[in-house]
Amino acid sequence: MPGTLVAMPGVLPEGEPVPRDGALPAAARRAVGARGFGVYVHVPFCASRCGYCDFNTYTAAELGGGAGRETYADTVLTELALAGRVLGDSPPPRVDTVFVGGGTPTLLPADDLARILDGIDRTWGLAADAEVTTEANPETVTPESLKTLRAAGYTRISLGMQSAAPGVLAILDRQHSAGRATAAALEARDAGFDHVNLDLIYGTPGESAEDFAASLDQVVAAGVDHVSAYALIVEDGTRLAARMRRGELPYPSDDVAADRYLAAEAALGAAGFSWYEVSNWARSEAARCRHNLLYWTGADWWGLGPGAHSHVGGVRWWNVKHPTAYAQRLAAGESPGLAREVLTPDEAHMEDVMLRLRLASGLPLSGLDEAGRAGAERARADGLLDADAYAAGRAVLTLRGRLLADAVVRDLLP
């Protein structure tokens with residue numbers, strides 16, 4: 001399916017241990033920021049758990065001592081100070097992007113989010129044109145909090161709308177009312193945010209074509225300049241998966257999801273949006289999420305917070321998952337890093353193909369091996385790669401190719 005929902009995973013991979021002081025190889029430190037540098041801040045708190053969610057998030061009832069919201073900003077700033085020491089005399093040339101995600105970042109006071117951003121600026125320096133994003137659930141922001149965030153330097157906000165249909169929101173266990181997301185988007189515009197995104201999820205059991213069309217209509221009417229739309233993925237261990245196993249709800253249909261994606265492309269295209277990544281549309285190049293583009297093009301970023309992933313100079317690592325363990329390690333003066341890995345050239349190539357093919361810019365055919373170029377030729381002949389782009393030496397998905405993106409990737413890789 002063309003879109004999958006991505007955030008901090010609930011299950012971490014394995015790898016080699018991270019040094020207690022978080023030290024990085026000298027070669028990694030010398031290379032930092034060569035292709036851009038961003039900072040991700042994970043805020044793991046949620047007021048309640050949505051039925052489809054398996055992200056690394058926690059409600060108040062699930063957390064122990066030393067990991068509450070009240071002290072969280074200070075704990076993140078402690079990790080930031082450690083990060084500053086690790087990079088030492090090889091800091092990135094600037095911070096191009098900051099993305100605060102979760103969870104629900106806006107469960108923290110706006111002043112705490114402002115302090116975190118100020119700490120990032122003091123540690124490494126924000127670029128003059130830095131993109132600074134926070135995610136938010138619509139019910140957790142007010143006109144006043146939005147103005148505080150904008151005054152602190154946040155330039156972009158991503159609001160979790162998911163659907164305009166009350167019945168769909170109920171199945172997803174979302175807490176906001178059907179109209180709250182678009183109202184919050186208008187409030188963010190009024191507060192002076194440069195860019196506003198609305199997130200949609202399609203393919204929820206019980207969602208009709210008319211429900212999704214109404215959601216798209218509301219998104220367009222809200223005047224946002226960016227839309228993300230993801231196919232619902234049912235993850236093991238979630239409440240939604242349990243309901244489907246019991247037969248209370250049907251499993252999502254791939255055919256329905258494909259129809260929804262085509263509807264999104266048609267409605268958003270008619271409203272002046274263009275796709276730039278399989279699951280993301282923007283009204284202009286300036287409205288594209290630059291932070292996510294750092295991920296998709298292999299740049300560097302430092303991830304702050306429990307379970308957060310980082311990538312610096314070819315080294316990738318991830319923090320301990322639970323907020324209490326995260327806070328305890330930092331209180332002891334240790335890195336919260338759990339494990340790390342250095343990708344082999346073959347692994348790095350595989351990831352590069354997987355991510356760049358999802359972009360409207362595609363990838364150069366010259367970067368593929370002989371088998372990959374043969375696969376690209378088959379995909380072009382099958383109408384999955386754009387013929388004009390192919391003739392110019394690039395692999396770029398057609399609309400049909402976007403629906404079958406995973407299959408095209410498999411054709412391009414050994």
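The chain appears in an unreviewed UniProt entry as Heme chaperone HemW from Micromonospora chaiyaphumensis. UniProt annotates the chain under Sequence similarities (unreviewed entry) with the comment "Belongs to the anaerobic coproporphyrinogen-III oxidase family. HemW subfamily."

J.: Help me understand helix H2 (residues 72-87), please; the structure alone is not making it clear to me.
T.: Because the α-helix completes a turn every 3.6 residues, residues three or four places apart line up on one side. Along its 16 residues, H2 runs 23 Å from first to last C-alpha, staying within 8% of the 22 Å computed at 1.5 Å per residue. Of the positions making up H2, those classed as buried are Tyr 72, Ala 73, Thr 75, Val 76, Glu 79, Leu 80, Leu 82, Ala 83, Val 86 and Leu 87. Two residues or fewer past H2, Gly 88 is found with a positive phi of approximately 50 degrees.

J.: Is there a simple way to think about the environment of Cys 46 in this case?
T.: For Cys 46, the position within the fold is in the loop between strand S2 (37-43) and H2. Taking relative accessible area as the criterion, Cys 46 reaches 14% and is therefore assigned buried. Along the backbone, Cys 46 and Gly 103 are 57 residues apart, and their C-alpha atoms lie at a distance of 5.4 Å. In contact with Cys 46, not counting residues within four places along its chain, are Thr 57, Tyr 58, Thr 59, Ala 60, Gly 103, Thr 104 and Leu 107.

J.: What exactly am I supposed to notice about the domain arrangement of the chain here?
T.: Many authors give the size of an interface as the accessible area that is lost as the parts come together. For the chain, the domain assignment lists domain 1 (16-342) and domain 2 (345-412). Once you take the C-alpha centre of each, domain 1 and domain 2 turn out to be 28 Å apart. Domain 1 puts 17 residues into the contact, and the matching count from domain 2 is eleven residues. In this assembly, domain 1 packs against domain 2 so that about 1300 Å² is buried in total across both faces, 60% of it on carbon and sulfur atoms. When the area that domain 1 buries against domain 2 is broken down by residue, the three leading residues are Trp 275, Val 278 and Trp 296, summing to 40%. Summed over the shared surface of domain 1 and domain 2, the number is three salt bridges. Between Glu 277 and Arg 358 there is a salt bridge, and its shortest N-O distance comes to 2.8 Å. Elements with a minimum of two residues in the side of domain 1 that touches domain 2: helix H9 (254-270), strand S8 (274-277) and helix H10 (290-296). At four residues, H9 tops the list of elements feeding residues into the side of domain 1 that touches domain 2.

Conventions used here
- Residues numbered from 1 in each chain as written.
- Predicted model: local features only at pLDDT ≥ 70, side-chain atom pairs only at ≥ 80, totals over all residues.
- Heavy atoms only, no water.
- UniProt positions renumbered as here; feature names shortened; annotations may be inferred.
- Helix = DSSP H or I, 4+ residues; strand = E, 2+ residues; numbered from the N terminus.
- Expected span 1.5 Å × (residues − 1).
- Buried < 20%, exposed > 50% of the residue type's maximum accessible area, 1.4 Å probe, protein only.
- Contact = heavy atoms within 4.5 Å.
- Domains from an automatic or database assignment.
- Buried area = accessible area lost by both parts, 1.4 Å probe.
- Salt bridge = Lys/Arg side-chain N within 4 Å of Asp/Glu carboxyl O.

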